[in-house]
Amino acid sequence: MDIVLSGIRSTGNLHLGNYYGALQNFIKMQEENKCFFFIADLHSLTTHPDPAMLHENVKNVLVNYLAAGIDPEKSVIYVQSDVPEISELYLYLNMHVYMGELAKTVSFKEKARKQPENVNAGLLTYPTLMAADIMIHNADKVPVGKDQEQHLEMTRRFARRFNNFYNVEYFKEPVAYNFGQELIKIPGLDGSGKMGKSEGNCIYLADSPKEIEKKVKRALTDSGPTEPNSVKPDYIENLFTIMRVVSTDEVIAHYEEKWNACEMRYGDMKKQLATDIIAVTSPIRERIIVLENDTEYLRKVAREGAEQARESASKTIRDVREIMGFKGF
Ligand code: TRP
């Protein structure tokens with residue numbers, strides 16, 4: 001059975017794009033693999049988050065994941081900062097990682113441009129921390145988006161370098177987890193290409209039916225096509241794209257027909273779309289509400305997750321220390 005490691009940004013509530021883009025695949029993934037899911041709160045320190053928000057965000061991510069179907073009976077789910085072995089491996093790896101290769105990482109250059117007042121060493125060594133996350137369990141596979149591929153490539157390089165330097169075959173070279181089919185991308189409601197937190201165009205899994213109706217109602221439309229069978233502008237195509245994910249074939253065909261016949265009634269379409277989105281999100285939302293208030297349970301999940309993660313992590317650290325020459329007296 002493959003070891004799969006998923007790192008999750010600790011950015012708070014999850015939206016419909018996260019659900020269809022990643023979560024649904026994660027839920028399937030845990031049936032066939034030994035999965036580790038962790039919330040990357042150490043990585044978030046690179047932007048100096050407010051301490052009160054830090055915990056709130058970690059909690060929201062944990063609650064959303066559990067509510068959507070990540071199962072602590074099947075997978076190990078933990079908070080990164082609960083596993084100090086990761087930070088230790090990060091320190092060791094950093095001794096074999098070079099300034100030059102870190103400085104030319106795409107994500108580093110981008111973030112340095114975004115926060116020129118705070119180009120800290122943690123930002124520079126972000127790829128080392130990510131490599132430590134993966135190597136601490138000697139993972140075989142890592143589900144990553146396009147923006148993380150370079151980091152995974154660097155992880156392979158660091159693993160190879162460690163093995164070569166110490167003349168061992170200890171670390172595996174992890175590969176991207178392939179979900180097999182095209183990833184579903186949920187567009188924004190504002191006509192933009194992608195639903196994203198920073199774009200402010202999200203429907204959250206935790207949104208109430210009222211909020212969802214309001215957001216869908218506000219989505220950009222126009223006065224409708226005047227020529228039969230015309231090409232849809234992006235902001236209309238986006239509504240259809242979401243519909244294709246959440247609605248039945250009949251509903252989709254019905255509105256395609258209306259579009260092609262220039263008989264579009266956006267009010268009706270939006271009402272239907274909101275209803276179908278709510279049907280997907282409301283069972284998750286109901287579980288979110290229960291979990292949010294069950295501190296006892298969250299504590300148990302986090303504690304047991306950390307215990308299991310540390311069992312695997314401490315074995316790696318023992319081996320690595322031995323390989324590097326820390327013998328003790
Ligand atoms: N860098 C990843 C992101 O921004 C999150 C992450 C941190 C991660 N450590 C990881 C992902 C390890 C996979 C494996 O999304």
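The notes below deal with the structure included here. (Residues numbered from 1 in each chain as written. Predicted model: local features only at pLDDT ≥ 70, side-chain atom pairs only at ≥ 80, totals over all residues. Heavy atoms only, no water.)

1. Observations regarding the site of the ligand
So the rule is basically this: What makes a residue near a molecule or strand is one non-hydrogen atom of that residue sitting within 4 Å of it. For this analysis, a polar contact is any N or O atom pair within 3.5 Å, provided that within protein one partner can donate a hydrogen and the other can accept it, and provided that sequence-adjacent residues contribute only side-chain to side-chain pairs. The Shrake-Rupley method, run with a 1.4 Å probe sphere, supplies the accessible areas, and residue values consider only the shown protein chains as cover. In this description a helix means any DSSP run of H or I spanning at least four residues, a strand means any run of E spanning at least two, and both kinds are numbered starting from the N terminus.
Close contacts around the ligand come from L5, G7, R9, F38, A40, H43, Y126, M130, D133, I134, V142 and Q148, and that covers them all. Take Y126: an N or O atom from its side chain is 2.7 Å from a nitrogen atom of the ligand. At 2.7 Å, a side-chain N or O of D133 approaches a nitrogen atom of the ligand. For the ligand, whose free accessible area comes to 360 Å², the fraction covered by protein is 94%. Counting residues per element, the ones that place at least two in the shell around the ligand are β1 (3-9), β2 (34-40) and α7 (126-135). The leading source of residues in the shell around the ligand is α7, at four residues.

2. Notes on the layout of surface pockets
Here is the rule we go by: Here a cavity denotes a set of grid points, spaced 1 Å apart and computed over the protein atoms alone, in which a 1.4 Å probe fits but from which it cannot get out, and a pocket denotes an open set meeting protein on both sides within 12 Å along at least five of seven lines; residues with an atom within 4 Å of a point are reported as lining. Grid points are joined across faces, edges and corners, and a volume is the space filled by probe spheres set on the points. Residue polarity is assigned by list, with Asp, Glu, Lys and Arg as charged and Ala, Val, Leu, Ile, Met, Phe, Trp, Tyr, Cys and Pro as nonpolar; anything else, Gly included, falls into the polar class.
Taken as a whole, the second largest pocket holds about 300 Å³ of empty space. What lines the second largest pocket is a set of 13 residues, and nearest its centre among them are H55, V58, K59, L62 and A302. Among the elements of the structure, α2 (51-68) and α13 (295-324) are those that each provide at least two residues to the lining of the second largest pocket. When residues of the lining of the second largest pocket are assigned to their parent elements, the largest contribution, five residues, is made by α2. Looking at side-chain class alone, the lining of the second largest pocket contains six nonpolar, three polar and four charged residues.

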